[in-house]
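Listed here are the chains, written in short residue letters.
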Amino acid sequence: MAIAVEMPKLGNTVEECILTSWKKQKGDSVAEGEILAEIETDKASFELPAPAAGTLLEVFFEPGALVPVFTNICVIGTPGENVESFRPAAIATAAAPPAPGPAPVSAAVRAAPPAAPAAAFPAAAPTVAAPVAAVTGTPAPPPQIFLSPRARLFAKQHGLATPARAGSGPGGRVLEADLIRLFRESPRLSSLARKRLEEGYEVRGSGSGINHLILARDLGEPPVRLSKIRETIARRMRESLASTAQYTLDSVADARGLVSLRNKIKAARQQGRDIADISINDMVMFAVVRALLLMPELNAEFIDGKLYRRSHINLGFACDTERGLLVPVVRNAESLSISELAAEVRALAGRANDGTLTADEMSGATFTVTNLGNLGITSFTPILNPPQVAILGVNTIEPRPIRRKSRIVYVDHIGLSLTCDHQIIDGAPGARFLKVLREQIENIESLADLKL
Amino acid sequence: MYDLIVLGAGPGGYEAAARAGRMGKKTALIEKQYLGGTCLNVGCIPTKVFLKSSKLITDCKNGLSYGVRVASAELDWAALIERKNKVVATLTQGVETLLKRSGVEIIRGEGKLINRNTIQVGSETLSAKNILIATGSRPATPPIPGLESAGVLDSNTIFELPALPSSLAIIGGGYIGLEFACFFAAAGTRVTVLEMLPQIAAGSDHDISSRLLAELRKQGIDIKTSCQVTSVERGSIHYRAEDGSAATLEAEYVLNATGRTPAVDGIGLEAAGVDFDQKGIKTTDRGRTSVPGIWACGDVTGRRLLAHAATREGLVAVANMFGGDQRIRYDAIPSVIYTHPEVASVGKTEEELKAQGVDYKKSLVPMALSGRWLLENASGGGIAKVLVGAKYGEILGVHVMGDLASEFIVAAAVMIENEMCVSDVAEIVFPHPTVSEAMKEALLRAAE
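These numbers come from a predicted model, not from an experiment.

Colleague: It is not clear to me how the interface of chain B and chain A should be interpreted in this structure. Could you clarify?
Modeller: Interfaces are frequently sized by the accessible area removed from exposure as the parts join. Between chain B and chain A, the contact holds 9 residues from the first and 12 residues from the second. Tallied by class, residues from the side of chain B that touches chain A come to 3 nonpolar, 1 polar and 5 charged.

Colleague: Please explain unusual backbone geometry as it appears in this structure.
Modeller: Of all residues except glycine, most have a negative phi; of all peptide bonds, most are trans. Look at the link from A:Pro386 to A:Pro387: it is a cis peptide, with omega at 10°. Here A:Pro387 shows up in the loop between β16 (367-371) and β17 (390-404). Cis peptide bonds are those with omega within 30 degrees of zero, and the linkage from B:His340 to B:Pro341 qualifies with 5°. Following the sequence through the fold, B:Pro341 ends up in the loop between β20 (335-337) and β21 (343-347). Phi at A:Phe70 takes a positive value of approximately 65°, unusual for a residue other than glycine. Locating A:Phe70 in the fold gives a position in the loop between β7 (66-68) and β8 (72-77). Positive phi, close to 50°, is recorded for B:Ala201, a residue that is not glycine. With respect to the secondary-structure elements, B:Ala201 resides in the loop between β10 (190-194) and α6 (206-218).

Colleague: Explanation requested: the domain arrangement of chain B in the structure shown.
Modeller: Residue and element names in this part refer to chain B. Per the domain assignment, the segments making up chain B are domain 1 (2-138 + 261-331), domain 2 (152-258) and domain 3 (341-446). Contacts between domain 1 and domain 2 engage 11 residues on the former and 11 residues on the latter. Looking at which element gives the most residues to the side of domain 1 that touches domain 2, the answer is helix α3 (residues 44-61), with 7 residues. Split by residue class, the side of domain 1 that touches domain 2 holds 7 nonpolar, 3 polar and 1 charged.

Colleague: I'm lost on the packing of helix α2 (residues 149-157) of chain A against helix α3 (residues 176-185) of chain A in this one. Help?
Modeller: All names here are of chain A. At their nearest, the axes of α2 and α3 sit 7 Å apart, and the two run at 30° to each other. In terms of their interaxial angle, α2 and α3 are classed as roughly parallel. The residues of α3 that touch α2, namely those facing Arg150, Ala151, Phe154 and Ala155, are Glu176, Asp178, Leu179 and Ile180. A class-by-class count of the residues in the contact of α2 with α3 yields 5 nonpolar, no polar and 3 charged.

Rules behind the numbers
- Residues numbered from 1 in each chain as written.
- Chains lettered and ligands numbered in written order.
- Predicted model: local features only at pLDDT ≥ 70, side-chain atom pairs only at ≥ 80, totals over all residues.
- Contact = placed C-beta atoms within 7 Å.
- Nonpolar A, V, L, I, M, F, W, Y, C, P; charged D, E, K, R; others polar.
- Helix = DSSP H or I, 4+ residues; strand = E, 2+ residues; numbered from the N terminus.
- Domains from an automatic or database assignment.
- Axes fitted to C-alpha atoms, helices over the stretch in contact; angles between N-to-C directions.
- Parallel < 35°, antiparallel > 145°, perpendicular 65-115°, else oblique.

Written out as structure tokens, the structure is:
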């Protein structure tokens, strides 16, 4: 008995996912739990296991397709069984092979934007001599463009669609002469170049072929298809800078406590004692939680002009994974001991690397920590994750000169870069938070309260 | 002050000078030896005169296959040389007429660059806004002891032979060696070709060169591949055979056909600061050298040692020196080996595509698919091979072994030049009956 496999709902807010790739091909036999496909939300990518054993009878979507959740994406069953009843009717066309035009499939098959200045005509002329505009699939023209009857005839005879911009006639009416001029001035494409354009390449510079024919070599490189995660990061970062008043404060904290505690933990574990493996980053995160408890105004969200002080600390931490930047969230971090916090961070980071985080595990942070210290960074400018009002960047530990009476001694310090939203957090409170945080860090051994 | 001085009157130089002259530019052309260069005097043209005659002999000998009884056919060396000289004279006269009508001043002598815009010819010093170097190439002399011996010829001196030799040993199985081998073998000379590489016709697609090797051997040409000539003396060649053993070959004459070397020496490139090495003058695809105002075209650039490539490079350089913006596209320059059967190619070989990691599809069809080819060739074989991109079917390479291929390969060059795909070719009508129909068939099958 054939069964359909649905696109799962991978989080409360997820409505559609990209089918990144098929791990099994049509006709392959699959065991229950074997990975069928890789799918991607705007937050992370996931592997889709087979719900039952059988043969993969049919797949309904090409890699790259954007599929609504709960839509059938493939059928598993016994060879010979009818699969047509499972075919998702409404969106069948959206999964068709790449075609020019703004089909709602994916960035990979979306036609390139018009590149030439004369590309005013979203048309579909079938010859080699088609103007560039003929294959670039510009968006549908606004309805207020009018064509003269002769222009309309010319457009029909030359396979041109209604132009996207006004013509030279009265009231912006497009005249035949406008179309003739643009048709003649439009660059011509070689057969190969036209096919490449449909793939997303763009014309760069003039045609180098005979009579300025645009050859494949005149096209640049095709655009790199952004992952859903990358698109989301790009949008969020732009929105962050556009909608907040960010500034960054740099400071350093005496790191001798961190280093000492870390060494003690290592030594204890080497002796076989049952002590959690707590990293320096875990300690800093624990110190951040303590500091936020002391200065709750930084544990807040600023949404549509309204400020919400959050009673629980949901601490996000940036993870650099193969799939891109992910920010898992430790919920109710104020209730965790340092060992519990470290365990939670470790578990979430592991799932981030495996791509098995759920969307809910990556949302709801009230404050974020990001660490570039292991890459030797001494200070940087973290970008806020709105609606959060602050983010802490953790830097490398390095010795700094300290005057002690008449002597200069070198003491390990850890760099701290705090970005705040000046809409909510002024400079002095931001600086005070760093001061409180420094005290927590310098006092970490007693705060951690480990029986070492 | 000239607008342009061209150094060398081969097919690169004279065409460029004539173009500049017709554009109304004050142009001089310096030539030390002969108008028309290697191509007209000791290259393309004289060898094709020879090959026309040998083809005639072959056809006569095979006359009965075509229903024609010919009592005997033999080469008259003196008459052949006379015809060759007549053809060459007609063509060089044509070049001179063209240059004069174009208003080009022809200066006889050896030109040498003094600096970036001055050339010395004898005692005269000429200056120009632009200088186009088109000095061509000369037969290569690899370090084989004895090459300078009497009885060792090159592709220039072979035309000075007093009579048809009884036997000829040719060092080099490239297009020069093979064309001479074909001629002399048909004319009645016992011919041996010694080639260093495992294949003949280096640079050709292997599907073609392996079949050409078989065809030429069938004609009685002894071709030894993978053998290294160690020394030469009058009447014999010593070489290491494919199995590594030392061997000696007796022959009345030895022909050194090991390729050609760009003629970069003695023309003052150092004085003018032009970037070059023994492989040629470095040029851009717009014909520029490293020195502004100095341009180069043809064999001296070492790019494509072909007369038609030289002409195109020269014309591109002239266009660019006088305000144009043209580029040479090297991927659609056809080449021909005028053996019998002849080989015509354009674009990439399968070996090149493999080396470049290109995803391709190929088709091979026998020339006998063409009725015209079949009736023209009572014996022998031929093949048309087409290489296209796997995804879009764009034409990447066309290689044809079969007589008359040289006359229609330009159609494939046009297709490649315009980046046509095989789906476009399906709309092109080929005349019937012609040999080109075999190429069409190969093109269409490549799409399947």
